[in-house]
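Report on the structure
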Amino acid sequence: MSGHSKWHNIQGRKNAQDAKRGKIFQKISRDLYQAAKAGGPDPDGNPQLRLEMDKARAANMPKDNIKRALDKASGVGGAKFEEITYEGYGPAGTAIMVAALTDNKNRTAAAVRSAFTHHGGALGAAGSVSYMFDRKGYIVILRDGLDTDEDTMLMDALDAGADDMQTTDDEFKIFTDPQSEISARDALQAKGYKLDTAEVRMFPQNTTEVPEAKAPQYQGLIEELEDNDDVSDIYEAAVLPESVE
């Protein structure tokens, strides 16, 4: 019995690791698509795509997955993909935005609506929650192996056009105006910084703590959305209580 339990535990950990890796690949695929769509599929002439391809390789993303993302951006195979954002409310009225990349809007809308309904939420109309979020450029530089102190990093970030910077033990988080993200990225790379993340994304203006009784519902909603292959990003204006994190 103990041998079976050990195998079951190992298999459970492996499944969890596979699921986490799948979500990472899903996000990288979205980033590859957006970079190739915006600047072309040639990484030699597209610095953002070069950055995303480096991230894909670092994550051991299979070459076939990378190729599929680039083919989507180039329209190979005739399929046309669209970027769509859905807005809704989770349990206890928490605001959620869902970014999707799809070749079938009806399929994706139905799946997203179903996820909200299954877990005590509701899909809203365009503009119903987006006013609660700000769109910002977001650049992350890892501190591991970086011989730069916080003051120097802040000065370099401001010189590059940043609006703000947050520092943790592990990374520098740099925020820019959305229109300045590319120029800030290029300026920091020109100074020799290696970027872990460079993108434009949504940030909540305020967050609401999910009531403990509603936390399982909320987690179920986010997990169902994350498991949808069409969903590329989820922006949340909520935090879970410490007792369930």
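Figured I'd write up the structure that's included with this text. (Residues numbered from 1 in each chain as written. Predicted model: local features only at pLDDT ≥ 70, side-chain atom pairs only at ≥ 80, totals over all residues. Heavy atoms only, no water.)

Turning our eyes to something else, we now look at the environment of Glu83. By secondary structure assignment, the location of Glu83 is in strand 1 (residues 82-89). Through-space distance from the C-alpha of Glu83 to that of Val231 is 9.7 Å; in sequence the pair is 148 residues apart. Filtering out sequence-adjacent residues up to four positions away, Glu83 remains in contact with Tyr33, Gln34, Ala100 and Leu101. In terms of polar contacts, Glu83 uses its side chain to reach the side chain of Gln34, at 2.5 Å. (Helix = DSSP H or I, 4+ residues; strand = E, 2+ residues; numbered from the N terminus. Contact = heavy atoms within 4.5 Å. Polar contact = N/O pair within 3.5 Å; in protein donor to acceptor, adjacent residues only side chain to side chain.)

In this section: unusual backbone geometry. Backbone geometry at Asn60 places phi at a positive 60°, although glycine is not the residue there. Relative to the assigned elements, Asn60 resides in the loop between helix 2 (47-58) and helix 3 (63-74). Residue Asn60 is classed as exposed on the basis of its relative accessible area, which comes to 63%. Phi at Ala92 is positive, roughly 65°, even though this residue is not glycine. Within the element layout of this structure, Ala92 appears in the loop between strand 1 and strand 2 (95-102). A relative accessible area of 47% places Ala92 in the partly exposed class. (Buried < 20%, exposed > 50% of the residue type's maximum accessible area, 1.4 Å probe, protein only.)

Glancing now at the sheet that holds strand 7 (residues 197-204). Strands sit in the order 5-6-4-7 across an open sheet of four strands; the sheet is antiparallel. Edge positions in the sheet fall to strand 5 (164-167) and strand 7, since each has one partner strand and no second. Sheet twist, expressed as the mean angle between neighbouring strand axes with direction ignored, is 30°. Where strand 5 lies against strand 6 (residues 171-176), four bridges are found, and the strand directions are antiparallel. Within the sheet, the bridge partner assigned to Gln166 lies in strand 6 and is Lys173. Contacts between helix 6 (residues 181-190) and the sheet are confined to strand 4 (133-142), strand 6 and strand 7, with strand 4 contributing the most and set at about 10° to the helix. (Pairing = 2+ DSSP bridges. Axes fitted to C-alpha atoms, helices over the stretch in contact; angles between N-to-C directions.)

At a minimum axis distance of 9 Å, the contact between helix 4 (residues 105-118) and helix 7 (residues 215-226) shows a crossing angle of 165°. Accordingly, the angle class assigned to the pair helix 4 and helix 7 is roughly antiparallel. Between helix 4 and helix 7 the crossing geometry is right-handed. Residues Val112, Ser114, Ala115, Phe116 and His118 of helix 4 form the contact with helix 7, whose participating residues are Leu221, Glu224 and Leu225. For the contact of helix 4 with helix 7, the class distribution of residues is five nonpolar, two polar and one charged. (Parallel < 35°, antiparallel > 145°, perpendicular 65-115°, else oblique. Left-handed = near helix turned anticlockwise from the far one by under 90°. Nonpolar A, V, L, I, M, F, W, Y, C, P; charged D, E, K, R; others polar.)

With that settled, the discussion passes to the nonpolar core. Judged by nonpolar contacts, the single largest core of 19 residues is most densely connected at Tyr86, Ile96, Val98, Phe116, Tyr218 and Leu225. Those elements giving two or more residues to this core turn out to be strand 1, strand 2, helix 4, helix 7 and strand 9 (231-236). Once residues lying within four places of it in the same chain are set aside, the contact partners of Tyr86 are Ile96, Met97, Val98, Ala100, Lys105, Thr108, Ala109, Val112 and Leu123. Grouped together as the second largest cluster of nonpolar side chains are 16 residues, Phe25, Met53, Ala56 and Met61 included. (Core = buried A, V, L, I, M, F, W, Y, C linked by side-chain atoms within 4.5 Å.)

With eight bridges connecting them, strand 4 and strand 7 associate as antiparallel partners. Bridge assignment links Asp134 to a residue of strand 7, and that residue is Phe203.

Distances and angles like these do not, on their own, reveal function.
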